[in-house]
Amino acid sequence: MALKLNPPNQMIFKTEGGHLAERWKTWKETMMLYLDFAMKNNTEKEKCQAILYVNSVDALRKKERYGKKGSYQKKNKDFPANKTSFISKRCTKCLTEHPPRKCPANGKQCLNCSKFNHFAKACRIPRKTKKLHEVEQGQSGSENEEEFQVGTVKDTHPKSEWKITLNVRAQTITAKVDTGAQANVMSKFTAEKLGAMIEKSSVKLTAYSGDKIPVFGQVSLPCFYKGEKYWMKFIVTSTEGAQTIIGLDSSEKLNLIRRVDELNNNKNIEDLVEKYKDAFGELGMLKTHYHMRIDENIEPIVSAARKIPHSQRDKVETELKRMEKLGVISKDEEPTDWVNPIIVVNKPNAPEVYQKSMDKFFGDLEGIACYVDDLCVWSNSFEQHFERQEEVFKRARECGLKFNAGKCEFIKEEIDYLGQVFTENGIKVDQKKISAIINMSIPKSKQELMRFLGKMTYLMKFIPEMSSKTAPL
């Protein structure tokens, strides 16, 4: 005759009447006996479900038998007033089962609607489809962990995405630029293809649906972009077909985007240029005079005209007409004591007196550097830059100087000035000059070696002990 073992009734944690410890001991022994014999072939998960089923189903039966909680208490005084057992059901805020007032979503901000006390996977507001490719920083599970939310790491809209090419370990990879992302992501397949050493990572990736995206580890790689080397950290995911994503921080690091401080008074450079548009033009006239002294003891000289190369005749004629139209030169039909031929050069040679005039007009302004016709304005903030730029325009208006709008650049974080590249972090190597040195042929004579060393002098400030290194040459 087979022995049939039924599960125990629901455990009632009431304190009235005492003997709570004895009742708990009896219920636990009965439950363990049921699990060991009646469910010995079941999995641990199924046994846990059985325990929840005993409590929830028995409680539901009593509710159906006696009606509402209030009416049951009136009919049966043994109904616990402070019952700690609960009816297992799915929480609408976190979509999991948990004891009352133990919801893990309490105090957490939804990454879909930005409201609190529920997760994005349980949010009733339709998800924002524009964040499909975003990687955003979410709530951290602990102080030693970072959690990032990922909409998707797969390429779903290739035509509308901004992508760049990176050179990593002599290989070329394509990466998507996502300014809404706060982490870089790379697939395990790509990391292994690059031969990268994948390290362990405590970072977590979570989709907007609440699903976990598997994290295999993290890598740090030297990435070359437009000739510059950058060390970048990538979170490695084992998701098949995942694309490489460049987040916000790296986008700024690669100079793909630039942050501009917002001014409270809505000032901008465009309005400033419009305000001082009279400071721009093709030709200005400085409001100062220069007296040229002529030695009366020198006899006038009439030089013969020089032939202008045929390839430059049209350009010279055009330039002479332009200068005559602007009033820089004028035709002289009368005989003159002095006659000098014109010398055609590709770049005008500004005299020393012009440099002195520029120093006189702008030399007392802070944050201004001027070399002949190249003027540089630097600052520590957009507000300060705006004020200094306006002061330059004022001085230009006062002295009659005109700026060439086509050659002006504003709000630059990096400039090439007098053969040097200036950045917020200091002076860096000009890649154009590096390329020129690399592309030089190997010196085969003393003259060629001297030419090579002459170009190398540009790198002296960037290469320690360069003189001793080039001494053998």
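Here the structure is a predicted model, which means the values were calculated and not measured.

The rules behind each value
Residues numbered from 1 in each chain as written. Predicted model: local features only at pLDDT ≥ 70, side-chain atom pairs only at ≥ 80, totals over all residues. Heavy atoms only, no water. Helix = DSSP H or I, 4+ residues; strand = E, 2+ residues; numbered from the N terminus. Buried < 20%, exposed > 50% of the residue type's maximum accessible area, 1.4 Å probe, protein only. Contact = heavy atoms within 4.5 Å. Areas by Shrake-Rupley, 256 points an atom, 1.4 Å probe, with all protein chains shown as cover. Phe/Tyr/Trp six-rings, centres within 6.5 Å; stacked < 30°, edge-to-face > 60°. Core = buried A, V, L, I, M, F, W, Y, C linked by side-chain atoms within 4.5 Å. Expected span 1.5 Å × (residues − 1). Salt bridge = Lys/Arg side-chain N within 4 Å of Asp/Glu carboxyl O. Pairing = 2+ DSSP bridges. Axes fitted to C-alpha atoms, helices over the stretch in contact; angles between N-to-C directions.

**A look at the overall build of the protein**
Next up, step 1: The helix and strand tally for the protein stands at twelve helices and 15 strands.
Next up, step 2: Residues counted as buried form 30% of the 473 residues belonging to the protein.
Next up, step 3: When contacts within the protein are restricted to residue pairs at least 6 apart in sequence, long-range pairs at least 24 apart make up 55% of them.
Next up, step 4: For the protein, the accessible area works out to roughly 33,800 Å², and carbon and sulfur atoms hold 52% of it.

**Let's talk about the packing of aromatic side chains**
Next up, step 1: Inspection of every chain in the model, using the stated rule, returns five aromatic pairs.
Next up, step 2: Residues Tyr 276 and Phe 393 carry aromatic rings whose centres are separated by 5.8 Å and whose planes lie at 40 degrees to one another, so their mutual orientation is tilted. Separated by 117 residues along the polypeptide, Tyr 276 in the loop between α6 (269-275) and α7 (313-326) and Phe 393 in helix α9 (residues 382-399) bring together distant segments of the chain. There is no split in this pair, since Tyr 276 and Phe 393 are both buried.
Next up, step 3: Ring centres of Phe 393 and Phe 403 lie 5.9 Å apart, and the angle between their planes is 65 degrees; this geometry places the pair in the edge-to-face category. With a gap of ten residues between them, Phe 393 in helix α9 and Phe 403 in the loop between α9 and β13 (414-417) connect regions that are remote in the sequence.
Next up, step 4: Here the aromatic residues Tyr 276, Phe 280, Phe 393, Phe 403 and Phe 410 are joined through ring pairs into a cluster of three or more.

**A closer look at the nonpolar core**
Next up, step 1: With 21 residues, the main nonpolar core has Leu 166, Met 186, Val 219, Leu 221, Phe 234 and Leu 254 as its most contacted residues.
Next up, step 2: At the level of elements, β3 (163-168), β4 (171-177), β8 (215-225) and β9 (228-237) are the ones that each hand at least two residues to this core.
Next up, step 3: Listed in part, the 20 residues of the second largest apolar core include Met 358, Val 377, Phe 393 and Cys 399.

**Brief notes about α7**
Next up, step 1: In this model α7 runs 20 Å from its N-terminal to its C-terminal C-alpha over 14 residues, within 8% of the 20 Å that 1.5 Å per residue would give.
Next up, step 2: Immediately downstream of α7, the backbone of Gly 327 shows phi near 85 degrees, a positive value.

**Regarding the pattern of salt bridges**
Next up, step 1: Scanning the entire structure with this criterion turns up twelve salt bridges.
Next up, step 2: Where Glu 390 meets Lys 275, a salt bridge forms, and the shortest distance between an N and an O atom there is 3.0 Å. With Glu 390 in helix α9 and Lys 275 in helix α6, the pair connects residues that are 115 residues apart, well separated along the chain.
Next up, step 3: Its relative accessible area of 51% is what places Lys 275 among the exposed residues.
Next up, step 4: Measuring nitrogen to oxygen at the nearest pair gives 2.9 Å for the salt bridge that ties Glu 414 to Lys 428. Highlighted residues: Glu 414 in strand β13 and Lys 428 in strand β15 (residues 426-428), separated in sequence by 14 residues.

**Here we look at the sheet that holds β15**
Next up, step 1: With respect to topology, three strands assemble into an open sheet ordered β13-β14-β15, the strand pairing being antiparallel. The sheet is open, and its two edges are formed by β13 and β15, each paired on a single side. On average, each strand axis in the sheet is tilted by 35 degrees relative to the strand beside it, whichever way the strands run.
Next up, step 2: Pairing of strand β14 (residues 420-423) with β15, which is carried by three bridges, proceeds in the antiparallel orientation. Residue Phe 422 lies in a different strand from β15, and its bridge partner there is Ile 427.

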